[in-house]
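Read off the chains here:
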Amino acid sequence: MQGLKNQTVIVTGGGGGIGSATCRRFAAEGAKVAVFDMNPAAAEEVAAGIRAAGGQAAAFQCDITDRAQVDAAVAATGAQLGPVGVLVNNAGWDVFKPFVKTVPAEWDRLIAINLTGALHMLHAVLPGMSERRSGHIVNVASDAARGGSSGEAVYSACKGGLVALSKTLAREHARHGINVNVVCPGPTDTALLAGVAEGARDPAKLIEAFKSAIPMGRLGRPEDLASAIVFFGSDDASFITGQVISVSGG
Ligand code: NAD
């Protein structure tokens, strides 16, 4: 894909399922990948795997809910890998339970990770991109933002907020040479989905229900998401902004 050779890319939640596949795919396109995760071992494993395969990557421990950590990790990325050209806001977390059984501490944590974390990252990265008149932002939301999802009310609200935020930032930054798009995974085979299923009475039954609702008849694979994310992070998508695409098997 165009524009990725030696481009500096940050992927938050880069140690997880969709994030690690995305990091590997960017690296395969020649990008320098900053693997951000609050789990340092997971981030380092992904970065080391990329380097072992001949690619360029560095791991950064960063809890995106903490603005000071975000600022430090973004500054370290700039110093080690160069000015940030692509930001993928991918880190996320979910709980599965009926809305009336959720407690405010859970809402606070869901909002902190899924929405405020993205705000911190965007605030840290957008001024530099605006100055350079160049940048690609890809925000990873969820199909839950589009159609709702029983058992995921607050998560859906956060992801809906991320979609609205992205559309607004796309308008604000279009004249600055920055595009902002959203990729919405459907149920995808990662630790997050397994964690969501654990919240159900019968986890295997919930996964089957997710699967049978997908026209293509299977869960998403992290690589399915990585293809779309890397496309929107490349210059191939330069004239596309404010768009929301589902990668969900139909
Ligand atoms: P995952 O659990 O495999 O990976 C998430 C990663 O984010 C983990 O490595 C975790 O350590 C990291 N993380 C969590 N909180 C963080 C924080 N505060 N700071 C930094 N890192 C943090 O999950 P995944 O399925 O790969 O999810 C990736 C994205 O896709 C998320 O935004 C999720 O909401 C979204 N999504 C996933 C599915 C699915 O079915 N898997 C469906 C819809 C949307």
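Residues numbered from 1 in each chain as written. Predicted model: local features only at pLDDT ≥ 70, side-chain atom pairs only at ≥ 80, totals over all residues. Heavy atoms only, no water.

(A) Layout of the site of the ligand. The full set close to the ligand counts 28 residues, and Asp37, Asn90, Tyr155, Thr188 and Thr190 are the nearest of them. Ile18 is positioned such that a nitrogen or oxygen atom in its backbone is 2.8 Å from an oxygen atom of the ligand. At a separation of 3.0 Å, a nitrogen atom of the ligand approaches a polar side-chain atom of Asp63. A total of 820 Å² of accessible area belongs to the ligand in isolation, and the protein chains cover 92% of it. When contributions to the shell around the ligand are tallied by element, the ones reaching two or more residues are α1 (17–28), α6 (153–173) and α7 (191–198). (Near = heavy atom within 4 Å. Polar contact = N/O pair within 3.5 Å; in protein donor to acceptor, adjacent residues only side chain to side chain. Areas by Shrake-Rupley, 256 points an atom, 1.4 Å probe, with all protein chains shown as cover. Helix = DSSP H or I, 4+ residues; strand = E, 2+ residues; numbered from the N terminus.)

(B) Representation of the packing of aromatic side chains within the structure. In this structure the tally under the stated criterion is 3 aromatic pairs. Judged by centre distance (6.1 Å) and plane angle (15°), the rings of Phe99 and Trp107 are stacked. (Phe/Tyr/Trp six-rings, centres within 6.5 Å; stacked < 30°, edge-to-face > 60°.)

(C) Representation of the sheet that holds strand β1 (residues 8–12). Read across the sheet, 7 strands follow the order β3-β2-β1-β4-β5-β6-β7 without closing on themselves; strand pairing throughout is parallel. Among the strands making up the open sheet, the edge pair consists of β3 (56–61) and β7 (244–247). Strand-to-strand, the axes of this sheet are offset by a mean angle of 20°, without reference to chain direction. Note: strand β6 (residues 178–185) against β7, 4 bridges, orientation parallel. Along β7, the bridge assignment pairs Val183 with Ile245. Against the sheet, α1 contacts β1, β2 (32–37), β4 (84–89) and β6, and its axis sits at roughly 170° relative to β1. This element, helix α4 (residues 104–132), spans β1, β2, β4, β5 (135–140) and β6 of the sheet and lies at about 160° to β4. (Pairing = 2+ DSSP bridges. Axes fitted to C-alpha atoms, helices over the stretch in contact; angles between N-to-C directions. Contact = heavy atoms within 4.5 Å.)

(D) The arrangement of α4 in detail. When the terminal C-alpha atoms of α4 are compared, their 41 Å separation across 29 residues agrees well with the 42 Å that a helix rising 1.5 Å per residue should span. Along its length, α4 shows its largest kink, about 40°, at Ala112. Phi for Arg133, located one or two positions after α4, is positive at around 55°. (Expected span 1.5 Å × (residues − 1). Bend = angle between axes of the 7 residues up to and from the residue.)

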